[in-house]
Amino acid sequence: MISSIIGQLFGIVPFGDIVFGFSEFSIIGFVVALIFTIVVYLTKPEKQLEAQKFRVEDKLEVVSLEELKIRRMMAIVCGIATAGAMLTYDLFDYALFLTLVGIANIGIVSAVKKDWVLNASYQYGLIAMIATLPLFGSAGMILAKTGTLSLFELPKIPTSLLFEKIIFAAGMAGETGIAPFYASKAEMFRAPGSPYILMIHLSSLLLIVRTVEILLTI
Amino acid sequence: MDEERKCGLYLLIIGLLCTFGIVMFKGMICYLLYVIAVPCLLYGIGSYLIPKTRRKNAGRLPFRGF
Amino acid sequence: MDSSIINVVNLTIHAFLVGSLLLGLHRKIIARIQGRPGPPIIQYLLHTIKFYVKEITFPITAGNPLYIFVALLDVSVWLTALIIAIDLKSSLLIIIGIYVLQKIVEHGCGLSSGSPYGKIGGVRSVFSAAAEVPLFAVVAAIYLTTHSVLISDILNYQSIHGSLLFKMPICAFAFFILLVSKAPNSPFGIVKGKDIVSGYMTEHYGLLASIIYIAEAIAYFALLWIFIAVFIGPWVVSHPLITLAVMVGLTVILAFVNGLTPLLAPHHSVMLQMTIAGLVLCDVLYRLIMGG
C-alpha cells in the first residue's frame, strides 16, 4: 500500500517514537536538501544592481558581513529542518519540522534592513502563526480519532480522515506560503542574498511535495 | 589559470571519480553517480574547449551605467 | 558495472537528440504560422553545439559556486526525471519533486547572477511556481482512480481499463497546461518573457547556456513522455516509433497553441493557471466523495 506511493522502502530507523524511514522518495528529498545546504554554506552572496528612483546610475547592493552570518546560520537551520522533514514518518514530528521551517524562513529575511522586505516577512509571519493552529489541530484530531500518529500505522486503520486531511492541507498552505498566501512571500524574494532566499523557496516547495505524499498515504 | 578553468578542473575530477565509481559499484548507487557525473563532465570538458576571454573588463554586466 | 547504466546512457542521448529536434520543429512551425520561413529544424542542436565552445566569464556580481551549480543541477534534475520515469517507471510524486527543483533552478539562475533582468525572472518563477505546483493535484485524482501513483502501475491499469485521457479529461487538460507552460514561447512563459531579455538565463551565456539548453531538450522529451505514458496508454510507449509519432503530433499542437496566443501578463498567467488548478481540485473532491 505505502510502496505504491513512495516507491521502494529501504528501511526504517526507530528512535523510540520518532521513526525515520528511507524510501526512494525520501532519499532523493533528503539528498537534495543536504546538497543545497552545503552549497548555501559555501556560496558568497551576490551583489545586486538596483535601479534608483529619479537617478540614472545604478547602485550596487552588498550584503554586509554580520548580516551574512546570521542569515547563513538561519539558512542552514532551514536546510537541516527540511532534510529532517523529508525523512520523518511521524505526523507530529513532521508538523514540528514544518513550523521550524516557517520560523527559519522569517529568520532568513529578518536581518535585511529594508522596509518592504521586513513588512512582507511580518505579514508572512502572521499567516504562519495562524497556520500552526490547523496544522497541530489536525494532528491532534488524528491522534484522538485513531490513537496513533505513525505514518506506517495510519494507512492500516480504516477510518475516514477527510476533514483532518483538509485542515492539514490548509495549515501546510499557510505555513509554506503557497497559492492563496503567496503574495507576501513573493515580496520577500526581492531581498539581496540569493543563496539564502533560495533556501526559503526550496524548503517550502519540497515540503509541499512531502505533504502531498503524506496526505495520499494516510 | 583563470577561475572558470579552476572550477572546470574541480568538476572534471569529481566527474572522473564518479565515472570510476559507476564502473566499480552495482545497483542504485550507479544511478546516483551517473546523475552527478554527467553535468560535471559536461562542464569540466567544456571549460577546456572554450577559448580564453578577450574582454577588457571581464565579468562586468552590460547594464546601463555600470 | 551495471548493464542498466548502458541503457540509461542510450536513453540520455536519445532524449537529448529527440528533444532538440522536437524543439527545433516547434520553432519552425511557429515561424510558419507567423509567415516566416524560420530556421532549419536542427537549429536547436546547432545552437547547443555552438554555445558549447563559446567563452564564459563569471560576472563580478555573481554569487559563486551557486552560479555554476544551478546550471549543472538543471541537467542532473532532468536526468533524474528520465531515470525515474522511463527507466525505473517509479513514482509520479518524485516527478513533481523534480518539477519543483526545476523551479528552484530558474529561481537560482536568476538571482545568483545579480543582474536586474535575472532577478525579475527569478521572482516571476516564484509566482509561477505558486500556480504550477497546484496543477499537480492531477496526481491525487490519478491515485483515486488507479490506487497507485507508480508509473508502472498506471500503465498496467490502462492496459486493462483503457486510456485515462477519456476517463479524466480535466486532469489531462491540466497536465497539458503544464506542457504548454514548459514549452518555449508559451503564453504562460512569464519566466522567460522577452520583456526581461532572456529572463533567468540572461547572465548564463556561452558554455553554461549550452548546458541549460541540453537540460531543456531532455526536459521537453521527459515531460512529453510522461504525458503520453500517463494519459494515452502503454500501447504508445511500448514502441519507440509510435512514441515519436505521438510526440511530433503533440509538438505540432503545442506549437499551434503557443504560436497563436500572446504572452500573458504575470498576474493573468498565474490567475489562469490557478483557475485550472481549482477545476482539478473540484474534480479530485468529486472523485473523493463519489468514490469513498
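Everything quoted here is computed from the prediction, not taken from an experiment.

## So, the side chain of Ser-269 of chain C
Residues and elements named next belong to chain C.
(1) Moving on: When you line up the elements, Ser-269 lands in helix 12 (residues 266–291).
(2) Moving on: For Ser-269, a relative accessible area of 0% corresponds to the buried category.
(3) Moving on: Setting aside chain neighbours within four positions, we find Ser-269 in contact with Phe-188, Ile-190 and Leu-264.

## Looking at a nonpolar patch on the surface
Residue and element names in this part refer to chain B.
(1) Moving on: A cluster of nonpolar side chains, contributed by Ile-14, Phe-20, Met-24, Phe-25, Ile-29, Leu-32 and Ile-36, occupies part of the molecular surface with about 680 Å² of accessible area.
(2) Moving on: One can find Phe-20 in helix 1 (residues 3–24).
(3) Moving on: Judged by relative accessible area, which is 55%, Phe-20 ranks as exposed.

## Thoughts on the interface of chain A and chain C
(1) Moving on: With 41 residues of chain A in contact, the opposing surface of chain C contributes 46 residues.
(2) Moving on: Across the chain A to chain C interface the summed buried area is about 3600 Å²; carbon plus sulfur atoms make up 78%.
(3) Moving on: Our count for the chain A to chain C interface comes out at zero salt bridges.
(4) Moving on: Between the two partners, chain A and chain C, sit one residue pair in polar contact (both at pLDDT 80 or more).

## Concerning unusual backbone geometry
Residue and element names in this part refer to chain C.
(1) Moving on: Unusually for a residue other than glycine, Lys-89 sits at a positive phi of about 50°.
(2) Moving on: With respect to the helices and strands, the residue Lys-89 is situated in the loop between helix 3 (66–87) and helix 4 (92–112).
(3) Moving on: The class of Lys-89 is partly exposed, set by a relative accessible area of 26%.
(4) Moving on: Phi at Asn-185 is positive, roughly 60°, even though this residue is not glycine.
(5) Moving on: Position of Asn-185 among the secondary structure elements: in the loop between helix 8 (169–182) and helix 9 (207–232).

## Some thoughts on the packing of aromatic side chains
(1) Moving on: Enumeration over the complete set of coordinates arrives at ten aromatic pairs over all chains.
(2) Moving on: Geometrically, the ring pair formed by Phe-92 of chain A and Phe-136 of chain A is edge-to-face, given 5.6 Å between the ring centres and 65° between the ring planes. Of this pair, Phe-92 of chain A sits in helix 4 (residues 91–110) while Phe-136 of chain A sits in helix 5 (residues 115–146), placing them 44 residues apart in sequence.
(3) Moving on: The exposure class of Phe-92 of chain A is partly exposed, given its relative accessible area of 37%.
(4) Moving on: These aromatic residues form a ring-pair network of at least three members: Phe-175, Phe-176, Phe-227 and Phe-231 of chain C.
(5) Moving on: Over the ring of Tyr-89 of chain A we find Arg-210 of chain A; its NZ or CZ atom is 4.8 Å from the centre of that ring.

## Points about the UniProt feature "transmembrane region" (unreviewed entry) in chain A
Residues and elements named next belong to chain A.
(1) Moving on: Feature annotation in UniProt assigns "transmembrane region" (unreviewed entry) to the following positions: residues 18–43, 95–112, 124–146, 166–184 and 196–216.
(2) Moving on: When the span residues 95–112 is considered, its composition is 89% helix and 0% strand, and the gap between its end C-alpha atoms is 28 Å.
(3) Moving on: The span residues 124–146 is 100% helix and 0% strand, and its two end C-alpha atoms sit 33 Å from each other.

The rules behind the values
- Residues numbered from 1 in each chain as written.
- Chains lettered and ligands numbered in written order.
- Predicted model: local features only at pLDDT ≥ 70, side-chain atom pairs only at ≥ 80, totals over all residues.
- Heavy atoms only, no water.
- Helix = DSSP H or I, 4+ residues; strand = E, 2+ residues; numbered from the N terminus.
- Buried < 20%, exposed > 50% of the residue type's maximum accessible area, 1.4 Å probe, protein only.
- Contact = heavy atoms within 4.5 Å.
- Patch = residues over 30% accessible without salt bridge, like charges linked within 9 Å, V, L, I, M, F, W, Y side chains within 5 Å.
- Areas by Shrake-Rupley, 256 points an atom, 1.4 Å probe, with all protein chains shown as cover.
- Salt bridge = Lys/Arg side-chain N within 4 Å of Asp/Glu carboxyl O.
- Buried area = accessible area lost by both parts, 1.4 Å probe.
- Polar contact = N/O pair within 3.5 Å; in protein donor to acceptor, adjacent residues only side chain to side chain.
- Phe/Tyr/Trp six-rings, centres within 6.5 Å; stacked < 30°, edge-to-face > 60°.
- Lys NZ or Arg CZ within 6 Å of the ring centre and 35° of its normal.
- UniProt positions renumbered as here; feature names shortened; annotations may be inferred.

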